[in-house]
Amino acid sequence: MSFFSSRLWALKEVARSLKKDWALATLSTCLTALALSIPLFVGNLLYDLAAPVRTLPTNAEITVFLEKQAKPEAVAEQLEQFPEVDTVTQIPRDEALSSLYERLGIKDLLKVDNPLPDILVLHMRRDVSSADIDSFLAGLDKNKSIDMTAFDNEWLKKFELIKKTTLLTVSCLAAAGSLLVIVVLLIVVRLSTHAIEPVMTTLYFFGASPWFAIRPWALRGALLMGVSGALALGISFAGLTVLRPSLLAVANIYQSALTLHFPDWTWCAGFVLIFAVLGAMTASFSALRIWKRIQRIHCLM
């Protein structure tokens, strides 16, 4: 056969096998799509729900209370020179008092003397260790322009512990979902290639090459897995569309900027392409295994 005729025969063989086993092909495609949609839907949902957490500033912060005679601008410029410090935020004493009394419900600030000093908030770099922070705090205590410092890193330690636990849980769920997809994929491939041995035997007797005999099943595997990937994306999109109004209502109650985003078309196209290639490879390996078994049987005869 020529280059084009061999591939045309492969396409015709794919169409013939799908027409013959349409019920099995439909079942395997739907089963794979459902298996793929579960980790896809859950992963997309968790990624969007974790968006507010990812935007939280996790840098350690040190609050510095200055002496009354200190110049905040000069001290801030001095502290910004330290390699441990990322940025410095100035809070003037009048602004600090206004914010405090606003929370307490005091309206007439003119009758209240301001007892607060100027405040600097030091935002430390992310790569600074606890030992470096302790050494830096010891140096701040010797600064004559600083009255006192406040530093509490317990919330950050708790946050990091919760984040690690959450990542471990999500990783376990992702591993379980991936295992489920692999098992379903193996079952689907086995169901799709269980009846090809007679055809492969005939092709073997006519002297066909292995790749010529395998090509229709590789194309069929790519088609079925590509369609399964597209259906999985559709199921996930439908689930997120149904869930979006309820989640947005809850987010509005708690005044949270939560949005659900479905992956863009390039990501979706890559997802379908990857599973089409995976289907082609898996079906090819399965068909090649059958071909080699036929070879061994007839070599022993």
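Just above sits the structure.
On a predicted model such as this, the values are computed, not experimentally measured, just so you know. Residue positions are given per chain, counted from 1 along the sequence in the order it is written. It should be noted that, the model being predicted, local features are given only for residues of pLDDT at least 70 and side-chain atom pairs only at 80 or more, the latter also being counted only at that level, while totals for whole chains, interfaces and linings use all residues. Hydrogen atoms and water are omitted, and side-chain values are computed over all heavy atoms in the structure.

## Digging into the sheet that holds strand β1 (residues 61–66)
The antiparallel open sheet is built from 4 strands, whose spatial order is β2-β3-β1-β4. Each edge of the sheet is formed by a strand with only one pairing partner; in this case those strands are β2 (85–91) and β4 (146–150). Averaged over neighbouring strand pairs, the angle between their axes works out to 25° when direction is ignored. When DSSP finds at least two bridges between two strands, those strands are taken to pair. Helix and strand labels come from DSSP, where a helix needs a run of H or I of at least four residues and a strand needs a run of E of at least two; each type is numbered from the N terminus. Note: β2 against strand β3 (residues 119–124), 6 bridges, orientation antiparallel. Paired with Thr 87 across the two strands is His 123, which belongs to β3. The contact rule is simple, with two residues in contact once any of their heavy atoms fall within 4.5 Å. Angular values range over 0 to 180 degrees, each being the angle between N-to-C directions of two axes fitted as lines to C-alpha atoms, with helices fitted over their stretch in contact. Sheet strands in contact with helix α6 (residues 130–141) are β1, β2, β3 and β4, and its direction is about 5° off that of β1.

## Here we look at the pairing of β1
Residue alternation in β1 divides its side chains into a buried set, Ile 62, Val 64 and Leu 66, and an unburied set, Glu 61, Thr 63 and Phe 65. Across 5 bridges, the pairing between β1 and β3 is antiparallel. Its bridge partner being in β3, Phe 65 is matched across the sheet by Ile 119. Strand direction decides the pairing type here: β1 and β4, joined by 4 bridges, are antiparallel. Residue pairing for β4: Leu 66 is matched across the bridge by Ile 146. A simple rule labels every residue: compare its accessible area, found with a 1.4 Å probe on the protein chains alone, to the largest value its type can have, and call it buried under 20%, exposed over 50%, or partly exposed in between.

## Things to note about the nonpolar core
Formed by 19 residues in total, the largest nonpolar core has its most connected members in Ile 62, Val 64, Leu 120, Leu 122 and Leu 140. Elements that contribute at least two residues to this core include exactly β1, α4 (72–79), β2, β3 and α6. The element best represented in this core is α6, accounting for 4 residues. If we skip the residues at most four places from it in the chain, Leu 120 touches Ile 62, Thr 63, Val 64, Leu 66, Pro 72, Val 75, Ala 76, Leu 79, Val 88, Thr 89 and Gln 90. Among buried residues, those of type Ala, Val, Leu, Ile, Met, Phe, Trp, Tyr and Cys that are joined through side-chain atoms within 4.5 Å constitute a nonpolar core. Counting 13 residues, the second largest nonpolar core, distinct from the first, contains Leu 203, Trp 217, Ala 287 and Trp 291.

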